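Below, each chain spelled out in residue letters.
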Amino acid sequence: MFQDGDEEAYTKLYRLYIKDMYRYGSSLVAASDAFVMDCIHDVFTEMWIKRERLSVPVHVKYYLLKALKTRIIHLLERKERPFTPLSEIDAEIFDPDDFEILEELDMAVSRQDKLNVLIAKLPQRQQEAIKLRFIENLNYSQIAEILQMNTQSAKNLVFRAIEKLRGWIILPVLHFFNIFLG
Amino acid sequence: MDHSLDNYVTADFLLSDEFVGHQLEPTPETAQLWEAWLAGNPPNLAEWNRAVYLLESIRQGLSEYAENIIPDEAIEALLVRIRETNHRQHAPEHRIGHSRWVAAAVFLLLSGLFAYWWLGRQGSQTYYATRVGEVHGEYTERANRSNAVETIVLPDSSIVTLAPGSRISFKPSFDAAAREVYLSGEADFKVTHDVRKPFLVYANEVVTRVLGTQFTVRAFDAEAKVLVNVSSGQVSVSKDNGMVEKGKSRSTSGLLLLPNQQAVFSRQAEEFSKSIVPEPQVIGTARQMPSFEYDAVPVNEVIRDLEEAYGIAILYNKEQLKNCELSASLKTETFEEKLRVICTTINADYQKLDGQVVIHGGECR
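Rules used throughout
Residues numbered from 1 in each chain as written. Chains lettered and ligands numbered in written order. Predicted model: local features only at pLDDT ≥ 70, side-chain atom pairs only at ≥ 80, totals over all residues. Helix = DSSP H or I, 4+ residues; strand = E, 2+ residues; numbered from the N terminus. Buried ≥ 20, exposed ≤ 12 C-beta atoms within 10 Å, placed from the backbone. Contact = placed C-beta atoms within 7 Å. Pairing = 2+ DSSP bridges. Nonpolar A, V, L, I, M, F, W, Y, C, P; charged D, E, K, R; others polar. Axes fitted to C-alpha atoms, helices over the stretch in contact; angles between N-to-C directions. Left-handed = near helix turned anticlockwise from the far one by under 90°. Parallel < 35°, antiparallel > 145°, perpendicular 65-115°, else oblique. Core = buried A, V, L, I, M, F, W, Y, C linked by C-beta atoms within 7 Å. pLDDT = per-residue confidence, 0-100.

## Regarding the overall build of chain A
Reasoning step 1: Across its full length, chain A carries 10 helices and 0 strands.
Reasoning step 2: The order of α-helices and β-strands along chain A, N terminus first, is α-α-α-α-α-α-α-α-α-α.
Reasoning step 3: For chain A, with 182 residues in total, the buried portion stands at 31%.
Reasoning step 4: Counting only contacts in chain A whose residues sit at least 6 apart along the sequence, the fraction spanning at least 24 positions is 63%.

Here it is as structure tokens:
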């Protein structure tokens, strides 16, 4: 228990979650690795200071990702936004139309590239939600907490992403081969 | 399990924490629940398969995100920085220079120890020998030095068919928590069902975990790949992270295998890939074995027969093939031959992708 001042347990936590935190943190702000590292530093040192008062979170990873996001947003606000959080750029981007996607897909060679293009075309908030659900394995109520919405809205967000992708992935790949192979 | 699942379509599965959680990090408990549901012949098996496929595709599309990995040096450097800050809190009278030296010394010592352990591990000792060496107490080893396969009955009456040049070790009576078996070489397992005790096979850095099913593991010391191939039931495979805690081997990036699917683990790249087995067999759980005799039957129905009989998802453009019909007897043909006959008839191609089949093209007037 690191709450009792056990440094080894504390280091173990760090090693267990540093990769997830770095990955998620970097996806929240454009540029600056150093900024994300500072925020991770702050989350861990603050946890050490508060260790005696901290109750054991049921889901540690969720706790850490949420704390990291809070820290990042807090610092961005204080620094009068040297970087814009990606989620705010979001609102300005309209849904790209299918034709535009088609053109880009055309350029992508591998299936991997095609999938990357499709996902990059989703609105930022949808991307954040599917990263948290399908890579970080957080559940919908935890995602809702992080995105500050209710659970149903978090599901709706992912549902919209799924519907868009499903059209392109399942019928999809077929569609293309048909165009090329006749 | 919840029967409303039977009405689920693809998207519903992806909106279910139970489904996604199981696909990403299967545990014996979730495996038990889903295996039970799948064994009950759900009417929407094809939707389930599609959901698995869609989830994998989405994860593939997120690979840029998933593979944005922090460099090891940065991990160590940040840890040193964090500790420094903490120590300043701890003992303000300490000079910063001091704790930095201590941290550097500890780091050097640890990296030295790690290198020593790693080099030792890479030496002559095989994975099998290392793993068996860690077993506490008595264990039984069986080696097949003959030229023919050998059948072995395990303490729980599961049956192992051991290939020539292979060996297997296990405790004379399995542990309370899990049924653990160590394998070097190739073996086919027919595992008796016991939901309380998962059955685990450790073979060349790969852990295969099941509750009751039939599958083959091939892991010879001299081979660069490990192959796991499922005949029935559901199996999860993952990389062995070297945790020795009994029955709790941590499954980080597990892969879920259904009948007629196989996983290939590349020992060098430490990566799994999933595909269809070379010769798919009809699976036992198919509700009603189709006759495979067709006289002017819509191709959509023929494809559905194939999907159900072999448990393999087949993706195609339904709308485009709605006028296609097939007249043929496919009773004795293999899965591959059946597919070929269908595709030739409707003038289409097929491709095997991530353990599924995709049919492209095809047209009928």
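## Things to note about the sheet that holds strand β15 (residues 314-315) of chain B
The pairing of strands in a sheet happens through backbone hydrogen bonds and is either parallel or antiparallel.
All names here are of chain B.
Reasoning step 1: On the basis of which strands lie adjacent, the open sheet formed by 3 strands has the order β15-β18-β17 and mixed pairing. Taken across any chain shown, the strands that pair with only one partner, and hence form the sheet edges, are β15 and β17 (348-353).
Reasoning step 2: The sheet contact formed by β17 and strand β18 (residues 356-361) spans 6 bridges and is antiparallel. Paired with Y350 across the strands is I359, a residue of β18.

## Describing the interface of chain A and chain B
How large an interface is tends to be reported as the accessible area lost when its parts come together.
Reasoning step 1: Listed by partner, the interface residues are 44 residues for chain A and 40 residues for chain B.
Reasoning step 2: Contributions of two or more residues to the side of chain A that touches chain B are made by α1 (7-28), α2 (33-49), α6 (111-120), α7 (124-134), α9 (151-169) and α10 (172-181) of chain A.
Reasoning step 3: Here the side of chain A that touches chain B is built from residues that sort into 26 nonpolar, 11 polar and 7 charged.

## Details of the packing of α1(A) against α2(A)
Residues and elements named next belong to chain A.
Reasoning step 1: Put simply, α1 and α2 touch, their axes get as near as 10 Å, and they point 145 degrees apart. Between α1 and α2 the crossing geometry is right-handed. Residues Y10, Y14, M21, Y22, G25 and S26 of α1 form the contact with α2, whose participating residues are V36, C39, I40, F44 and W48.
Reasoning step 2: Within the contact of α1 with α2, the residues separate by chemical class into 9 nonpolar, 2 polar and no charged.

## Considerations on the pairing of strand β3 (residues 159-162) of chain B
Residues and elements named next belong to chain B.
Reasoning step 1: In β3, alternate side chains face the same way, and those of V160 and L162 are buried while those of I159 and T161 on the opposite face are not.
Reasoning step 2: Pairing between strand β2 (residues 150-153) and β3: 4 bridges, direction antiparallel. Its bridge partner lying in β3, V153 is registered against I159.
Reasoning step 3: The antiparallel pairing of β2 with β3 creates a hairpin that spans 5 residues between the two strands, and S157 there sits at a positive phi of about 65 degrees.
Reasoning step 4: Note that β3 and strand β5 (residues 179-190) share 4 bridges and pair antiparallel. Bridge pairing in β5 places I159 opposite K190.

## Some points on the environment of B:I70
Reasoning step 1: As for its position among the elements, B:I70 is in the loop between α5 (63-66) and α6 (72-90).
Reasoning step 2: By C-beta crowding, B:I70 is classed as buried, having 20 other C-beta atoms within 10 Å.
Reasoning step 3: Those residues within four positions of B:I70 in sequence are excluded, and the remaining contacts are A:I18, A:K19, A:Y22 and B:I75.

## Focus on the packing of helix α9 (residues 299-310) of chain B against helix α10 (residues 335-346) of chain B
Residues and elements named next belong to chain B.
Reasoning step 1: Relative orientation of the contacting elements α9 and α10 amounts to 165 degrees, with a least axis distance of 12 Å. Here α10 runs roughly antiparallel to α9, going by the angle between their axes. Here α9 and α10 pass one another in a crossing that is left-handed. Along the contact surface, α9 presents V299, V302, L306 and Y310, while α10 presents F335, K338, I342 and I346.
Reasoning step 2: Among the residues making up the contact of α9 with α10, the classes are represented as 7 nonpolar, no polar and 1 charged.

## So, the nonpolar core
Reasoning step 1: Ranked by size, the top nonpolar core spans 74 residues in total, and within it A:M21, A:I40, A:L68, A:A129, A:I143 and A:A161 carry the most contacts.
Reasoning step 2: Within the second largest apolar cluster, 34 residues are counted, among which are B:Y127, B:L154, B:A187 and B:L256.

## Remarks on α7(A)
Reasoning step 1: Within α7(A), 9 of the 11 residues are buried, which leaves the element mostly enclosed by the surrounding structure.
Reasoning step 2: Of the residues making up α7(A), those classed as buried are A:Q126, A:Q127, A:E128, A:A129, A:I130, A:K131, A:L132, A:R133 and A:F134.

## Details of the confidence of the model for chain B
Reading predicted coordinates in detail is not appropriate for stretches of low pLDDT.
Residue and element names in this part refer to chain B.
Reasoning step 1: Averaged over chain B, the pLDDT score is 81; the fraction of residues at 70 or greater is 84%.
Reasoning step 2: Within chain B, the element-level pLDDT minimum falls on helix α7 (residues 96-122), averaging 54, and the maximum on helix α2 (residues 17-24), averaging 93.
Reasoning step 3: For the stretch residues 92-97, pLDDT sits under 50, and the model shows 4 contacts to residues farther than four places along the chain or on other chains.
Reasoning step 4: Our summary of model confidence lists the complex with pTM equal to 0.52 and ipTM equal to 0.82.

## Structural notes on the environment of B:Q320
All names here are of chain B.
Reasoning step 1: Examined against the element boundaries, Q320 turns out to sit in the loop between β15 and β16 (325-329).
Reasoning step 2: Under the C-beta neighbour-count criterion, Q320 is labelled buried, with 20 such atoms within 10 Å.
Reasoning step 3: Residues Q320 and G361, spaced 41 residues apart in sequence, show a C-alpha to C-alpha distance of 8.2 Å.
Reasoning step 4: Not counting chain neighbours up to four residues away, the residues in contact with Q320 comprise G362 and E363.

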